[in-house]
Amino acid sequence: MTAISKTSRRKFIGGLTLAAAGITIVPRHVLGGKGFIAPSDQVTVGLIGAGGKGRQNASKLLELDNVRITAIADPAAYWDLSGFYYKSKAGRGPVKEMIEAHYGGNFKLNEYHDFREMLTKESGIDAVMCSTPDNTHAYVTLNALRAGKHVYCEKPLTHNVWEARKVREAANASGLATQMGNSLHSNDGIRETVEYLRDGAIGTVREAHTWVPATRWLPGLKGLPQGSSSNGDTIGWDLWLGPTPYMAYQEAYTPVAWRDFWALGCGALGDFGCHDLDPSVWAFNLHTPKSVEVHPAGYSDKNIAPYGEIGYYEFEKDGEQQALKQYWYSGGLRPQRPEILPASAELPARGSLFIGKKGILVVGAGGGNPKVYYPDTKKQYTPPKPTIRRSTGHFKEWIEAIQGGPAAGAHFDYGAKLTEITLLGVVSLRLGGKKINWDGKNMKAIGLPEADPLLREPVREGWEMV
């Protein structure tokens with residue numbers, strides 16, 4: 001095949017249509033090899049979302065020599081997050097300043113208020129990184145895929161189950177390189193955990209418990225904020241909402257605390273599920289639960305997430321999927337201490353406990369630092385030789401995939417599956433703990449019609465995703 005220039009390649013990408021997915025891209029093999037960008041080329045990236053997480057993600061990309069951030073889009077020009085979790089200055093202005101200072105010289109970053117304008121005008125970028133709130137993940141991602149861009153998107157990949165399926169379908173049809181932002185998936189620790197479990201370190205596992213200390217950002221919340229507030233123009237509230245049905249802006253929604261409100265975020269389970277359910281999903285090939293039941297701990301209602309959660313997932317044997325009961329806890333709740341755990345050992349503040357026929361496995365956040373314990377304290381486990389390819393880094397492996405390397409570990413085919421499992425628990429939680437008997441094939445909560453508008457949420461006119 002005659003070599004194609006980078007510009008010509010991008011034009012060619014936009015010239016073919018995959019009608020089934022509604023996206024205009026070309027399969028990788030048409031361009032030779034598995035990627036659009038030669039390993040010797042620099043990957044150009046546009047940032048969508050420049051809040052606290054967006055700044056963190058941009059910093060990670062700046063560490064990579066073969067990446068160039070050339071455009072940024074965010075409706076907010078400035079955020080002072082020094083008093084919040086991210087402890088930084090963010091928004092278009094500070095993040096633009098950080099990037100330009102890193103590259104030095106006369107480099108100027110192109111900036112946009114609306115990411116859709118960026119996708120239209122910056123046709124030359126290879127990839128986009130989405131670090132927006134949960135409610136706009138799917139809309140941004142689908143538009144980027146349709147524009148022929150490789151996509152990195154924060155977790156959870158989407159805000160509802162229908163969106164997860166649409167993103168998975170579009171990504172698989174596109175052949176583009178994708179990665180969900182559950183960064184712990186790329187650590188060696190979770191790989192060791194999966195290898196131990198698949199090696200039979202503790203025998204057949206039928207029960208797993210996972211807990212995170214996360215709770216509501218606004219612990220005293222008893223419903224939607226009331227009273228007058230600014231109209232949100234300074235942060236571009238209309239773009240913040242994106243496909244979400246209109247709701248008047250309240251200062252309590254931003255920054256960070258948007259996760260407490262179902263219209264924008266998904267509570268602690270949505271925030272951490274794609275990290276901490278990952279070891280179970282990966283090790284046991286989980287894809288479709290038989291039932292899901294997650295109860296609120298503390299006040300919650302149709303608009304706001306609870307202080308804590310306790311949940312139950314049941315998976316049946318289905319092909320490669322192993323039968324498993326998966327428990328979930330947040331807000332300070334956690335499982336009972338196992339009797340065989342030595343007195344000198346403590347359960348981590350965040351982690352998982354796997355109970356097997358032969359013993360137990362205790363791991364930290366996202367599956368890290370696995371430790372095996374047996375009833376016979378003299379028995380020792382010999383770890384197997386590594387069988388899972390080690391990651392070069394969560395961001396780097398996405399860039400390598402863009403350049404024709406192996407698919408990134410949390411590519412959207414996997415990330416969407418993990419997100420769907422997580423969000424089914426969120427649906428049960430939003431319904432006050434009602435049990436979902438799940439018909440995965442038809443995307444239906446059996447006998448529970450009130451789940452339908454949560455599985456596929458209504459969208460504002462003009463923001464449709466199909």
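Predicted model only: the values in this text are computed from it and were never measured.

Where burial is concerned, most of helix α11 (residues 394–402) is hidden: seven out of the nine residues are buried. His394, Phe395, Glu397, Trp398, Ile399, Ala401 and Ile402 are the residues of α11 that are buried. Trailing α11 by a residue or two, Gly404 shows a phi angle of about 95°, which is positive.

Regions with low pLDDT should not have their predicted coordinates read in detail. Within the chain, residue pLDDT values average 92, and 92% of them lie at 70 or more. Note that pLDDT drops below 50 for residues 1–35; the model gives that stretch 75 contacts with residues more than four away or on any other chain.

As a further point, take the packing of aromatic side chains. All told, the structure shown has 14 aromatic pairs when counted by the stated rule. On the numbers, 4.9 Å between centres and 55° between planes, the contact of Tyr139 with Trp463 is tilted. One end of the pair, Tyr139, is in helix α5 (residues 137–146); the other, Trp463, is in the segment after α13 (452–455), and 324 residues separate them in sequence. Under the relative-accessibility criterion, Trp463 is labelled buried at 8%.

Let us look at the environment of Ala58. Along the chain, Ala58 turns up in helix α2 (residues 52–62). When the C-alpha positions of Ala58 and Ala138 are compared, they lie 20 Å apart, and in sequence the two are 80 residues distant. Non-local contacts of Ala58, meaning those with residues more than four positions away in its chain, are made with Leu47, Ile69, Val95, Met98 and Ile99.

This part takes up the layout of surface pockets. Quantified by volume, the second largest pocket comes out at close to 390 Å³. Along the walls of the second largest pocket sit 22 residues, with Thr244, Pro245, Ala263, Arg430 and Glu457 positioned nearest its centre. Looking at the lining of the second largest pocket, its residues break down into 13 nonpolar, five polar and four charged.

Here we come to the packing of helix α9 (residues 267–276) against helix α12 (residues 412–430). Across the interface, α9 lies against α12 with an axial gap of 9 Å and an inter-helix angle of 150°. The orientation of α9 with respect to α12, classified from their angle, is roughly antiparallel. The crossing of α9 and α12 is right-handed. Touching Leu269, Gly270, Gly273 and Cys274 of α9 are Leu418, Thr419, Thr422, Gly425 and Val426, all from α12. Residues of the contact of α9 with α12, tallied by class, amount to four nonpolar, five polar and no charged.

With that settled, consider empty space enclosed by the protein. Unfilled space is identified by rolling a water-sized probe across the atoms. Enumeration according to the criterion identifies one cavity of 30 Å³ or more in this entry. There is about 60 Å³ of room inside the largest cavity. If you go around the largest cavity, the residues you meet are His159, Asn160, Val161, Trp262, Gly265, Cys266, Leu423, Val426, Val427, Arg430 and Leu454. With four residues, α12 is the largest single contributor of residues to the lining of the largest cavity.

Conventions we followed
- Residues numbered from 1 in each chain as written.
- Predicted model: local features only at pLDDT ≥ 70, side-chain atom pairs only at ≥ 80, totals over all residues.
- Heavy atoms only, no water.
- Buried < 20%, exposed > 50% of the residue type's maximum accessible area, 1.4 Å probe, protein only.
- Helix = DSSP H or I, 4+ residues; strand = E, 2+ residues; numbered from the N terminus.
- pLDDT = per-residue confidence, 0-100.
- Contact = heavy atoms within 4.5 Å.
- Phe/Tyr/Trp six-rings, centres within 6.5 Å; stacked < 30°, edge-to-face > 60°.
- 1 Å grid on protein atoms, 1.4 Å probe; cavity = no way out; pocket = protein on both sides within 12 Å on 5 of 7 lines; lining within 4 Å.
- Points joined across faces, edges and corners; volume = space filled by probe spheres on them.
- Nonpolar A, V, L, I, M, F, W, Y, C, P; charged D, E, K, R; others polar.
- Axes fitted to C-alpha atoms, helices over the stretch in contact; angles between N-to-C directions.
- Parallel < 35°, antiparallel > 145°, perpendicular 65-115°, else oblique.
- Left-handed = near helix turned anticlockwise from the far one by under 90°.

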